[in-house]
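Report on the structure
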Amino acid sequence: MRVVSLVPSATELLTAIGTDPIGISHSCDYPPRVTTQPTLTSTTIDHEGRSSREIDDQVSSIDGAAYDLDAHRLDDLDPDLVVTQSTCDICAVDSSDVFEAVRDRNLDAEVLALDPHSLDDVLTALLRVGEAVGKTMDAATLRFEIHERINAVESRVAGLDSPRTAVLDWTDPLYRSGHWVRDLVELAGGDSSFQPDGRSEQIRWDALVEYDPERLVVAPCGFPRERAVDTVSTLAERDEWNDLTAVEEGHVYAVDGNALFNRPGPRLVDSLEVLASCIHPELSAVLDDELASRVENVAQQSGDKNAVQQS
């Protein structure tokens, strides 16, 4: 089957069950072998060398779509299936544009628009993708394996305390992570009440201060670990920073949001394992080297609000 994937999470779902797409979005980067495929999307948003505030200002100033679809290339590839998403209109091509392109080009292609908002939704999306590409058994097997890893995490944290945990997916302005992140925090053994039961939400600093997290996880959308570390340095410039319990006790974590928390794909179970190690540091030894490289424990040096040290 000739499949085009227009969102990174769908590409990861497809490849995980043995179907490599013939065309991808410009954001698809995992597994690395897919990056040689033709890209069908582009964006006017410039992320390179930009601060979180500058990127947010760009997104806010766009009049119209933030992402473009190359309908001519889609026509040339002549896919049987196009997989896209409806979850976030600032993270990928609008699904309505995909349906319109397929219709206008008279392509004999099915469009599958995924719309996950919880961990269960992601696992259901995996089965939908499997059915669409004729890999039902492969998808069911992968879903079972993911459940086994989820159960293993639940077993490890059973009976432990549930520290107040805050996960941020943007830092300027502050956004608390929504969708499936609330599920992940709860499964990882943390207090999940700070995370919204729905989309990510912009918050004021006083909301974070009032909650006073004992564990603070910073996983900016689309940022690798190194850039997440930089955003924590910026947060540390705030006067309120020193008063957070997570800062005082040295439980502030910069995480590769691009690879982990931001994508509703099979690597969310990796995100769960990383999150469990942040909430319960005694579990960090269960992470393999690859996952351990996705997270960095950063804590502010006492008495210097501009310094961030690796613990």
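Residues numbered from 1 in each chain as written. Predicted model: local features only at pLDDT ≥ 70, side-chain atom pairs only at ≥ 80, totals over all residues. Heavy atoms only, no water.

Going by what an unreviewed UniProt entry lists, the protein chain is known as ABC transporter substrate-binding protein and is assigned to Haloferax larsenii.

1. So, helix α5 (residues 119–132)
Residues spaced three or four apart along an α-helix point in a common direction, a consequence of the helix completing one turn every 3.6 residues. With 14 residues, α5 should reach 20 Å at 1.5 Å per residue; the first-to-last C-alpha distance of 20 Å fits that figure. Against the buried residues of α5 lie α1 (8–16), β4 (81–85), β5 (110–114), α6 (136–157), α7 (181–187) and α11 (268–279). Once α5 ends, the next one or two residues include G134, with phi positive near 75°. (Helix = DSSP H or I, 4+ residues; strand = E, 2+ residues; numbered from the N terminus. Expected span 1.5 Å × (residues − 1). Contact = heavy atoms within 4.5 Å.)

2. Some remarks on the packing of aromatic side chains
Following the criterion strictly, the structure yields two aromatic pairs and no others. With centroids separated by 5.3 Å and ring planes inclined at 55°, the aromatic side chains of W170 and F223 adopt a geometry described as tilted. Taken together, the residues W170 in strand β6 (residues 165–171) and F223 in the loop between β9 (215–218) and α9 (225–235) connect sequence positions 53 residues apart. The ring of F223 carries R227 above its face, with NZ or CZ at 3.9 Å from the centroid. (Phe/Tyr/Trp six-rings, centres within 6.5 Å; stacked < 30°, edge-to-face > 60°. Lys NZ or Arg CZ within 6 Å of the ring centre and 35° of its normal.)

3. A look at the environment of R176
For R176, the location among the structural elements is in strand β7 (residues 174–176). Note: C-alpha distance between R176 and F194 (18 residues apart in sequence) is 7.8 Å. Leave out the neighbours within four places in its chain, and R176 touches V167, L168, D169, F194, Q195, P196, S200, E201 and I203. For R176, the side chain forms a polar contact with the main-chain oxygen of F194, separated by 3.0 Å. (Polar contact = N/O pair within 3.5 Å; in protein donor to acceptor, adjacent residues only side chain to side chain.)

4. Digging into α11
With twelve residues, α11 should reach 16 Å at 1.5 Å per residue; the first-to-last C-alpha distance of 16 Å fits that figure. Most of α11 is tucked away, with twelve of its twelve residues classed as buried. For α11, every residue scored as buried is listed here: L268, V269, D270, S271, L272, E273, V274, L275, A276, S277, C278 and I279. (Buried < 20%, exposed > 50% of the residue type's maximum accessible area, 1.4 Å probe, protein only.)

5. Focus on the packing of α6 against α11
Interhelical geometry of α6 versus α11 gives an angle of 10° and a closest axis separation of 10 Å. When the axis of α6 is compared with that of α11, the two are roughly parallel. Every residue of α11 that contacts α6 at I146, R149, I150, V153 and R156 is listed here: V269, D270, L272, E273 and A276. When the residues that make up the contact of α6 with α11 are grouped by side-chain class, the tally is six nonpolar, no polar and four charged. (Axes fitted to C-alpha atoms, helices over the stretch in contact; angles between N-to-C directions. Parallel < 35°, antiparallel > 145°, perpendicular 65-115°, else oblique. Nonpolar A, V, L, I, M, F, W, Y, C, P; charged D, E, K, R; others polar.)

6. A look at the side chain of E296
Here E296 lies in strand β11 (residues 295–300). For E296, a relative accessible area of 15% corresponds to the buried category. Only 2.5 Å separates the side chain of E296 from the side chain of R225, close enough to count as a polar contact.

7. Some details on the pairing of strand β10 (residues 252–255)
Burial along β10 is two-sided: the residues V252 and A254 and Y253 and V255 are all buried. Strand direction decides the pairing type here: β9 and β10, joined by three bridges, are parallel. Along β10, the bridge assignment pairs L216 with V252. (Pairing = 2+ DSSP bridges.)

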